[in-house]
Each structure stands twice: as structure tokens, then as C-alpha cells.
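Structural overview
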Amino acid sequence: MGSKQMEMRKRQMSAAQETPGAAPGQHVGGNRGSNACCFCWCCCCSCSCLTFRNQEDQRPRRASHDLRTEGFPTCEESTTPTLEEVSSWAQSFDKLMITPAGRNAFREFLRTEFSEENMLFWMACEELKKEANKKMIEEKARIIYEDYISILSPKEVSLDSRVREVINKNMLEPSQHIFDDAQLQIYTLMHRDSYPRFMNSTVYKDLFQSLSEKSTEA
């Protein structure tokens, strides 16, 4: 008797494994039809809900994507710098950062060091300061936070815990100046760490040499 029960059990287990869509612990037997319908109904309901939720979630994200591309320019328009202008970049970091051409050249260098996010964050903060609409301030501040402050972001910038704590607190009601301390900290970091290497980089030297040759030919 025991061997027959074991054989029956093996057949049931084999049938359950061969049944497509069978969930763990789901019985396959006389009520198979009703269980399958119930299971399919749950799946359909769940899929429909998930599809709807995904569509709802994507709506604001599309708007955020548009705002990222339109509100935060990733490349500034600038004319070709003059030799005098490029020479002035060696005088101070402020003179480099004050012109679009200087910022673009510096960004090109930062990209080679995989730290372009520092300049992008600084530029985004500058754009935020120009905003006057409250809703736009809140949306832009949220985007900046997600892109550069959040520890989950691949573009997270390096900030100390004090600055992060202040930002987290102020995100409840953000203003145009919510990231001022963080922006200054990143500006100082670029000045002390990246700027000296930029002045010795091929990006700067090649540009300077090219303009020098053109000046000589003229």
C-alpha cells in the first residue's frame, strides 16, 4: 500500500512540474479548471494594474526628461576664444569660469577625468538661480537633487554630511538658493583639484598652441 501511495505522489509531482504556469503549492486535480481561471484572472488584473501604474509613473518622468534637456543645457554656445582670453585662464580659476568658452574647455578636460558631473552640477545651480516660478523651482530642484545629490545617482557629486543634511531639510520647500553651499563646495573642489591639472593638460596646451600659431600667421 505504501508503494502505491509513493507512486501516486510521484505522478502528481511530475504532472505539476509539466503543467505550464503552475505556481508553487498549486494543486493540479479535479478543480484544475477553476484554479487556472482564477490564477489567470489574477495575472491579468495584476498586469493591467502594473501597466497603468507604469504609464502614470512615466508621465512626470517624461516631463522631467524634457526639463533636463531644455532647462539644463549640457553644452553652452560660445564663440572661439581669443589668444588673450585663453591666456587669462592661467591667471585665475575665476577668469576661466566666467566665460562660456572657458567652461566648455574645462568641461572637456573634466570629461577625460570622469568628473564632468561637477561642472554640470555647478551649471544646473546657476540655471536654478535664474528661475522665478515657484513650481519650476521645485521641479528643477528635485531634478538637481536626483541627478547630483542622491546617493543612488551615478552622477553624485562629493559633498560633506553637513551640506547634505541642510539640503535634505530644505527640499521640503526649495528655493533658488537651496544648493548654494553645495555649489560653492564643488567650485572650491574644482579650483583646488582639477584646475591645476587642466592648466597642464593637452586640452589647454593644444588650444593655446593652435591660437598662438593662428596669431603668428595673421
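Quantities reported herein were computed from a predicted structural model and do not represent experimental measurements.

Within the chain, the regular secondary structure consists of 10 helices and 0 strands. Written out in order from the N terminus, the α and β elements of the chain read α-α-α-α-α-α-α-α-α-α. A total of 218 residues make up the chain; the buried ones form 31% of that total. For the chain, contacts bridging at least 24 residues in sequence account for 62% of all contacts bridging at least 6. Carbon together with sulfur atoms contributes 55% to the accessible area of the chain, which is approximately 14,700 Å² in total.

Before going further, it helps to spend a moment on the nonpolar core. Counting residues in each nonpolar core, the largest one holds 39 residues, and the members touching the most others are Phe106, Phe121, Phe179, Met190 and Phe198. Counting residues per element, the ones that place at least two in this core are α4 (93-97), α5 (100-112), α6 (116-129), α7 (134-149), α8 (161-170), α9 (180-199) and α10 (202-217). Considering each element in turn, this core owes the most residues, 8 residues, to α6. Residue contacts for Phe198: discarding those within four places in its chain leaves Trp89, Leu96, Ala105, Phe106, Phe109, Val203 and Tyr204.

So, on to α7. Along α7, the residues classified as buried are Ile137, Lys140, Ala141, Ile143, Ile144, Asp147, Tyr148 and Ile149. The opening residue of α7, the one whose side-chain oxygen lies 3.0 Å from the backbone nitrogen of Lys135, is Asn133.

Turning our eyes to something else, we now look at the packing of aromatic side chains. Throughout the structure, instances matching the rule amount to 12 aromatic pairs. An aromatic cluster of three or more residues is present, and its members are Trp89, Phe93, Phe106, Phe109, Trp122, Tyr187, Tyr195, Phe198, Tyr204 and Phe208.

The next point concerns the pattern of salt bridges. Considering all chains together, one arrives at 12 salt bridges under this definition. We note a salt bridge from Glu139 to Arg142, for which the minimum N-O separation is 2.6 Å. You can see Glu139 and its partner Arg142 sitting in helix α7, 3 residues apart, about one turn around the helix. For Glu139, a relative accessible area of 23% gives the class partly exposed. By relative accessible area, which is 27% here, Arg142 ends up partly exposed.

With that settled, the discussion passes to the packing of α6 against α7. Between α6 and α7, the shortest axis-to-axis distance is 11 Å and the interhelical angle comes to 170 degrees. Judged on the interaxial angle alone, α7 and α6 are roughly antiparallel. Along the contact surface, α6 presents Glu117, Leu120, Phe121, Ala124, Cys125 and Leu128, while α7 presents Ile137, Lys140, Ala141, Ile144, Tyr148 and Ile149. Looking at the contact of α6 with α7, its residues break down into 10 nonpolar, no polar and 2 charged.

Now for the side chain of Arg164. Structurally, Arg164 can be placed in helix α8. One polar contact links the side chain of Arg164 to the main-chain carbonyl oxygen of Ile149, over a distance of 2.5 Å.

Criteria and thresholds
Residues numbered from 1 in each chain as written. Predicted model: local features only at pLDDT ≥ 70, side-chain atom pairs only at ≥ 80, totals over all residues. Heavy atoms only, no water. Helix = DSSP H or I, 4+ residues; strand = E, 2+ residues; numbered from the N terminus. Buried < 20%, exposed > 50% of the residue type's maximum accessible area, 1.4 Å probe, protein only. Contact = heavy atoms within 4.5 Å. Areas by Shrake-Rupley, 256 points an atom, 1.4 Å probe, with all protein chains shown as cover. Core = buried A, V, L, I, M, F, W, Y, C linked by side-chain atoms within 4.5 Å. Polar contact = N/O pair within 3.5 Å; in protein donor to acceptor, adjacent residues only side chain to side chain. Phe/Tyr/Trp six-rings, centres within 6.5 Å; stacked < 30°, edge-to-face > 60°. Salt bridge = Lys/Arg side-chain N within 4 Å of Asp/Glu carboxyl O. Axes fitted to C-alpha atoms, helices over the stretch in contact; angles between N-to-C directions. Parallel < 35°, antiparallel > 145°, perpendicular 65-115°, else oblique. Nonpolar A, V, L, I, M, F, W, Y, C, P; charged D, E, K, R; others polar.

Don't take any of this as a statement about function, it's just geometry.
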